[in-house]
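# Remarks on the overall topology
Each chain is listed here by its residues.
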Protein chains: 4
Amino acid sequence: MAGNSIGEIFKVTTFGESHGLAVGAVIDGCPAGLEIDESFIQHQLDRRKPGQSVITTQRNESDTIHILSGVFEGKTLGTPICLLINNTDAKPQEYEAMKNIFRPSHADYTYETKYGIRDYRGGGRSSARVTAASVAAGAIAQLLLKQTGMHITAYVQQVGKIKLNKKYSEIDLNSVDSTLVRCPDEIVAQQMQEEILKTKAEGDSLGGIIHCVIKNVPVGLGEPVFDKLQADLAKAIFSINAVHGFEYGSGFAGSAMKGSEHNDAFEMKLGIPYTKSNFSGGIQGGISNGMDIYFSAAFKPTATISKEQSTINSEGEEVLLEAKGRHDPCVLPRAVPIVEAMTALVLADFYLRNKSSKT
Amino acid sequence: MAGNSIGEIFKVTTFGESHGLAVGAVIDGCPAGLEIDESFIQHQLDRRKPGQSVITTQRNESDTIHILSGVFEGKTLGTPICLLINNTDAKPQEYEAMKNIFRPSHADYTYETKYGIRDYRGGGRSSARVTAASVAAGAIAQLLLKQTGMHITAYVQQVGKIKLNKKYSEIDLNSVDSTLVRCPDEIVAQQMQEEILKTKAEGDSLGGIIHCVIKNVPVGLGEPVFDKLQADLAKAIFSINAVHGFEYGSGFAGSAMKGSEHNDAFEMKLGIPYTKSNFSGGIQGGISNGMDIYFSAAFKPTATISKEQSTINSEGEEVLLEAKGRHDPCVLPRAVPIVEAMTALVLADFYLRNKSSKT
Amino acid sequence: MAGNSIGEIFKVTTFGESHGLAVGAVIDGCPAGLEIDESFIQHQLDRRKPGQSVITTQRNESDTIHILSGVFEGKTLGTPICLLINNTDAKPQEYEAMKNIFRPSHADYTYETKYGIRDYRGGGRSSARVTAASVAAGAIAQLLLKQTGMHITAYVQQVGKIKLNKKYSEIDLNSVDSTLVRCPDEIVAQQMQEEILKTKAEGDSLGGIIHCVIKNVPVGLGEPVFDKLQADLAKAIFSINAVHGFEYGSGFAGSAMKGSEHNDAFEMKLGIPYTKSNFSGGIQGGISNGMDIYFSAAFKPTATISKEQSTINSEGEEVLLEAKGRHDPCVLPRAVPIVEAMTALVLADFYLRNKSSKT
Amino acid sequence: MAGNSIGEIFKVTTFGESHGLAVGAVIDGCPAGLEIDESFIQHQLDRRKPGQSVITTQRNESDTIHILSGVFEGKTLGTPICLLINNTDAKPQEYEAMKNIFRPSHADYTYETKYGIRDYRGGGRSSARVTAASVAAGAIAQLLLKQTGMHITAYVQQVGKIKLNKKYSEIDLNSVDSTLVRCPDEIVAQQMQEEILKTKAEGDSLGGIIHCVIKNVPVGLGEPVFDKLQADLAKAIFSINAVHGFEYGSGFAGSAMKGSEHNDAFEMKLGIPYTKSNFSGGIQGGISNGMDIYFSAAFKPTATISKEQSTINSEGEEVLLEAKGRHDPCVLPRAVPIVEAMTALVLADFYLRNKSSKT
């Protein structure tokens, strides 16, 4: 209801403000008996954490995971799992000066109006910092999916105007982390990195596109009508700060195709139905058909920039703003594990939901 | 859980198969005292119904609305509103021949695998016919929104490769229904209509793009983190059959912009905060900021075509398929009221959810 | 949210007012492939329907079940099942005189205040007539439970001050319907029936107690903390009009026992854990332990009586009321299938919820 | 779904095991702007905490509240409030010996069977320790209710066979805490205390009854059919460990009354509708009518006793058990704030839910 939960069976509620004591998540509905590899959770958090490279914000958080409940002797109990990540490098005083200023394209004005109060320090609850909790919860979802064989890989496909012009099938999906940008093509990644550093130097910011592929999805995930698999994937991805577009399968380009070109003909391979093409993106009628699921998410440029901007304050006066606080010139590299986490949360939930599809 | 409900407070559950007795919806959570203008509900159903023009399927349904409960002496009671639309021109025998065939890019195979059983007649629950129930429920949501001043307009922006190259602000939004295609530009609409008729004659189908604008949205609708307004709008739109892409505000194009170009500077107009540009699409931090909300939805071409296609049957044999049944060469004109309805369901729900944001 | 739904996976939403067009239910989440025996649904409705004997209200409804969706060739599709029961003997004009009167111990005043409007005809949504929808939905839950071996039997244990002083284990649970009162003891049932007829003649009404037993419950149904099995059973039973008390296992009497008397010692029988006594009522820590579950529900006397009563009208004036409309002098006999239905809805839901307790 | 959440708008999810690192709660949906008096939360926790007097368990926990999020400068932000209570006096090693033993009338056997794993230390998640989280969350609900004037008072009415034979209206509700037993009658409280100490010395335990009164409830709280106010109150109270019975208003005794005795005649007092009697317990048709709401909850005797008992172990062998661990001879005194907390959670939720009853 109040917007901080996701999932029906594998249900995650996150909490925490950017410069409060901690951010965290409670997972209710993770099946019992799942082995919890804490190092994997930490690994995903490390991929998201600030300060990891020259192209990210310099806020310095270890983002160490603490599991407060629900895990006993290394396994899930079937009871709620509370995951806690302390905020250690919060510098709220840096935001004091912006206390009464509504930053352009930020949530300051909307939070203030909706709630009549806001934690102005670094955006409070609207900060991308809260995605750390989603990444931690998503890592547990990924551990659950691993048991089923499902595997999710996201990578950076575009930064500003620099684009990787390859399909996911032409890429080594294991090499995503071999570049700082998380684009699995060394040359393009190098161009992107240079563009990020150049833009940062200008006090400006960049957006981009992340692509994501899910392999080995069993047939049958997704529910009719409103909870179609693509609908909940889209919702999950749009819940990530800065996402302005989502397309799966043939996407926007598919709307210019004809049915005879677009339809994915079925054939049999070793006794299993396959489709010759996959414009459906692995989903038909809202339900997975066993082919790869793939989608793209468009991110707007980071709203926080160092360049001077005109805006208003809470008294309704026009003011000039030179942003304080640490921030990313381009969030894409750090958003890769977030996209994977949100995807995992949806798939884990639909996997469990599917257990009661038949008598 | 089983995917046939949407909304938290204004909660809609739909039911019905394409060639069963009826389709319908139950709305639980519509506030009491709302005047119900049945003719408006019928009007929206008429805009969606089959057989309305030469460019739509020739299935002949009156789609007459029946309100079975929840309305008394013309006003809502605060109790569940059951809306029923009988299926009168169902011709299930036409589908008998396709009983064991999995049509390409349809839900036959995924439903059969997920449930172990399916109503093969016209796609059963996976048919776009079930959107009639959403349109009826959405009409009641629109009546609720009307009281608040909010107004939703969708229109066809692209059919196949023919595109209307205007922004919504350059268009007379009241003229959408003046063309059969529901594109508010007579010349472009004429081209679209010709393209549809030509494609129909070829036994093929088209996709396209619908654009939607919401005006007079109060500040504060949307919830933090997972239930951001754009996230639930995206989910609602992706729940419509054939949608493969969604973008709002600057969308995919915005990912190539710089922060300094993209940020929407605040200014005051008659004492009210406005933004000079609106790349945010009326939503900041997941919450409406009072500016227009606008988005685009990409539809793939209709999967049902008359051209011969190769596919498999339920025995896993390769077969040739020449589609039976009546269908639309392009769903876009009829999808306009569906997009409006899904949008209204989301806004009505968030409007009610916002009532407890403050003490 | 608005109170007309029950269940998480096996989710039922009911609709309809007492003197509107129909009452009904939508079940979303019934697994696919369940054989639907319509005659069983009708049988349960017949046990609840008015006019079935000299001791019930004389309203004459056939309460014929219509299945509008979700069932195909006799089996569930996994899609929503819409169940409809038309109101055929509605006599709303009989209620015209009571339009502005708040009947004592009825919901007239509370509905009017909460909603600012009410359907005054026979209590509208607050009427016990709406339990017909629950009984129909509960019958489908019972068909699902049958597959698992679970079996529910309710019977009348007390009417007014006449009480059956036997435990359920001393009773032939198959003989409940052998008396009009649904008390499985001919002599006590005869006394109850006479008391009901005598009270009816006086223009007065009676309450009573229903007892219910559930056999063959698998170990593991129920969830920790808030959704304990007894908690959801209690909620479901308290949702029945007129219920004022619920106890399971040792109940209120158990609060006067000592731990050493009350504890149910475990022992093994044919390799399966049993408890020597069953004061726990088959539930420990909120989760079924495989023993019989049993509970009692206390019903207040019917609020509608023919005797003259003083009350107020909507103008706040004191008035005298002589009730119009048909009503039961004692609802207990007809409440037996309602208790069974509500119990079945809870168990079916928890049965499905338990499918994801382990990896 | 997994049973650890309660509420629709004011939604609370608790987490934690008895001898894990911490127990806690996340509240999502508390309106923004509520002043948080931490000392009140602590006060309620202190009333529940172990070791508070000679008649409670000697486990020594400070139960200090930590608010990790959602509160800023003393006020709620409208974002999730995470409440944490560390476990400091956990002595898990004391339970090592009982690792493989299923204690009678405990949840050991049912948890082990349901989940295939359990935290055997002090009952893990099934321990009454987890109610600390509910009490903390309930305290915030009480702060919200305070703004509306609503007030909840619970007290001990019966311990074992010793009963306070007074109605709540004959009692000074402000004096509950003046006795260790929390029975607001010094003489009866003294008898209860002696009975508890005597029973403790015998290595045995006692149950009892708690009574609860809610004053100044606005008209209109509660929802039709399934979410009747009494239904959700019953559910909330049955979620408390050891509760075996619940009755409100006339309760079980009311089932022996006649309608003409039981009906609560309306009258006007200072322009406001009142009822002369209040057998309805302040609720009619599932919705509050403005009169006092009152109910009783029956608690079974504590399952943990020091007396030797026969039981089985996880290998299915019969064994003798002499309970280890610290425990209460009678939970009633400490259950008083728990009953108040659960009641507050329900009322706060229904209060917010009622905000959208009318347009």
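What this report covers is the structure whose coordinates are included nearby. None of the values given here were measured: they were computed from a predicted structure.

## Details of a negative patch on the surface
A cluster of like negative charges, contributed by A:E8, B:E8, C:E8 and D:E8, occupies part of the molecular surface. Residue placement: A:E8 occurs in the loop between β1 (5–6) and β2 (11–16).

## Regarding the packing of helix α3 (residues 131–146) of chain D against helix α8 (residues 332–353) of chain D
Residues and elements named next belong to chain D. Direction vectors running N to C along α3 and α8 enclose 50 degrees, while the axes themselves pass 7 Å from each other. On the basis of the axis angle, α3 is oblique to α8. The handedness of the crossing between α3 and α8 is left-handed. Of the residues in α8, those in contact with T131, S134, V135, A137, G138, A141, Q142, L144 and L145 of α3 are P337, I338, E340, A341, M342, A344, L345, L347, A348 and L352. Broken down by class, the residue content of the contact of α3 with α8 amounts to 14 nonpolar, 4 polar and 1 charged.

## Examining the state of the cysteines
Residues and elements named next belong to chain C. Per the counting criterion, the structure on display carries 0 disulfides over all chains. Considering cysteine sulfurs only, C330 is the nearest to C183, which forms no disulfide, with 11 Å between them. Residue class for C183 comes out buried when judged on its relative accessible area of 0%.

## Quick look at the pattern of salt bridges
Following the criterion strictly, the structure yields 96 salt bridges over all chains and no others. A salt bridge links A:D185 to A:K166; the shortest N-O distance between them is 2.8 Å. Of this pair, A:D185 sits in the loop between β10 (162–163) and α4 (186–201) while A:K166 sits in the loop between β10 and α4, and the two are 19 residues apart along the sequence. Among the salt bridges present, the one from B:K198 reaches B:E202, with a minimum N-O distance of 4.0 Å. Each of A:D227, A:D232, A:D349, A:R353 and B:K235 takes part in one network of salt bridges that share partners.

## What about the relation of the copies chain A and chain B?
Its rotation angle being 180 degrees, the transformation that places chain A on chain B also includes 0.0 Å of axial translation and leaves an RMSD of 0.0 Å. The symmetry that links the two subunits is that of a two-fold axis. When the interface residues of chain A are mapped onto chain B, 100% of them again fall at the interface, so both copies present the same face.

## Some points on the sheet that holds strand β3 (residues 22–28) of chain A
All names here are of chain A. If you trace the 5 strands from one edge of the open sheet to the other, you get β1-β2-β3-β7-β4, paired in antiparallel fashion. The sheet is open, and its two borders are formed by β1 and β4 (66–67), each paired with just one other strand. The pairing of β1 with β2 spans 2 bridges and is antiparallel. Note on β2: the bridge partner recorded for S5 is T13.

## Overview of the interface of chain A and chain B
On the chain B side, the residues contacting the 108 residues of chain A number 108 residues. Among the residues of chain A in contact with chain B, A:M1, A:K114 and A:F226 are the three that bury the most area, contributing 10% of the side total. At the boundary of chain A with chain B, the tally comes to 8 salt bridges. Ionic pairing is found between B:D227 and A:K235, a salt bridge with its closest N-O pair at 2.8 Å. Our count for the chain A to chain B interface comes out at 47 residue pairs in polar contact (both at pLDDT 80 or more). The residue inventory of the side of chain A that touches chain B, partitioned by class, reads 40 nonpolar, 45 polar and 23 charged. The sheet contact formed by strand β12 (residues 243–248) of chain A and strand β12 (residues 243–248) of chain B spans 3 bridges and is antiparallel.

## Details of the relation of the copies chain A and chain D
Here the second copy of the chain follows from the first by a rotation about an axis and a shift along it. Mapping chain A onto chain D calls for a screw motion: a turn of 180 degrees about the axis and a shift of 0.0 Å along it, with 0.0 Å RMSD after fitting. When you check the interface residues of chain A against chain D, 100% turn up at the interface there too, and the contact is symmetric in its surfaces.

## Considering the packing of aromatic side chains
Overall, the coordinates contain 34 aromatic pairs over all chains when judged by the stated rule. Taking 5.4 Å as the distance between ring centres and 70 degrees as the angle between the ring planes, the aromatic pair formed by A:Y109 and B:F266 counts as edge-to-face. You can see A:Y109 sitting in helix α2 (residues 108–115) and its partner B:F266 sitting in strand β13 (residues 266–269), one on each of two chains. B:F266 gets classed as buried once you look at its relative accessible area, which sits at 1%. One aromatic cluster in this structure is built from A:F238, B:F246, B:Y248 and B:F295. Lying over the aromatic face of D:Y115, D:K114 brings its terminal NZ or CZ to 5.7 Å of the ring centre.

Cut-offs used in this document
- Residues numbered from 1 in each chain as written.
- Chains lettered and ligands numbered in written order.
- Predicted model: local features only at pLDDT ≥ 70, side-chain atom pairs only at ≥ 80, totals over all residues.
- Heavy atoms only, no water.
- Patch = residues over 30% accessible without salt bridge, like charges linked within 9 Å, V, L, I, M, F, W, Y side chains within 5 Å.
- Areas by Shrake-Rupley, 256 points an atom, 1.4 Å probe, with all protein chains shown as cover.
- Salt bridge = Lys/Arg side-chain N within 4 Å of Asp/Glu carboxyl O.
- Lys, Arg positive; Asp, Glu negative; His and termini not counted.
- Charge placed at Lys NZ, Arg CZ, Asp CG, Glu CD.
- Helix = DSSP H or I, 4+ residues; strand = E, 2+ residues; numbered from the N terminus.
- Axes fitted to C-alpha atoms, helices over the stretch in contact; angles between N-to-C directions.
- Parallel < 35°, antiparallel > 145°, perpendicular 65-115°, else oblique.
- Left-handed = near helix turned anticlockwise from the far one by under 90°.
- Contact = heavy atoms within 4.5 Å.
- Nonpolar A, V, L, I, M, F, W, Y, C, P; charged D, E, K, R; others polar.
- Disulfide = S-S within 2.5 Å.
- Buried < 20%, exposed > 50% of the residue type's maximum accessible area, 1.4 Å probe, protein only.
- Least-squares fit on C-alpha atoms with pLDDT ≥ 70 in both.
- Pairing = 2+ DSSP bridges.
- Buried area = accessible area lost by both parts, 1.4 Å probe.
- Polar contact = N/O pair within 3.5 Å; in protein donor to acceptor, adjacent residues only side chain to side chain.
- Phe/Tyr/Trp six-rings, centres within 6.5 Å; stacked < 30°, edge-to-face > 60°.
- Lys NZ or Arg CZ within 6 Å of the ring centre and 35° of its normal.

Coordinates in, geometry out; function isn't part of it.
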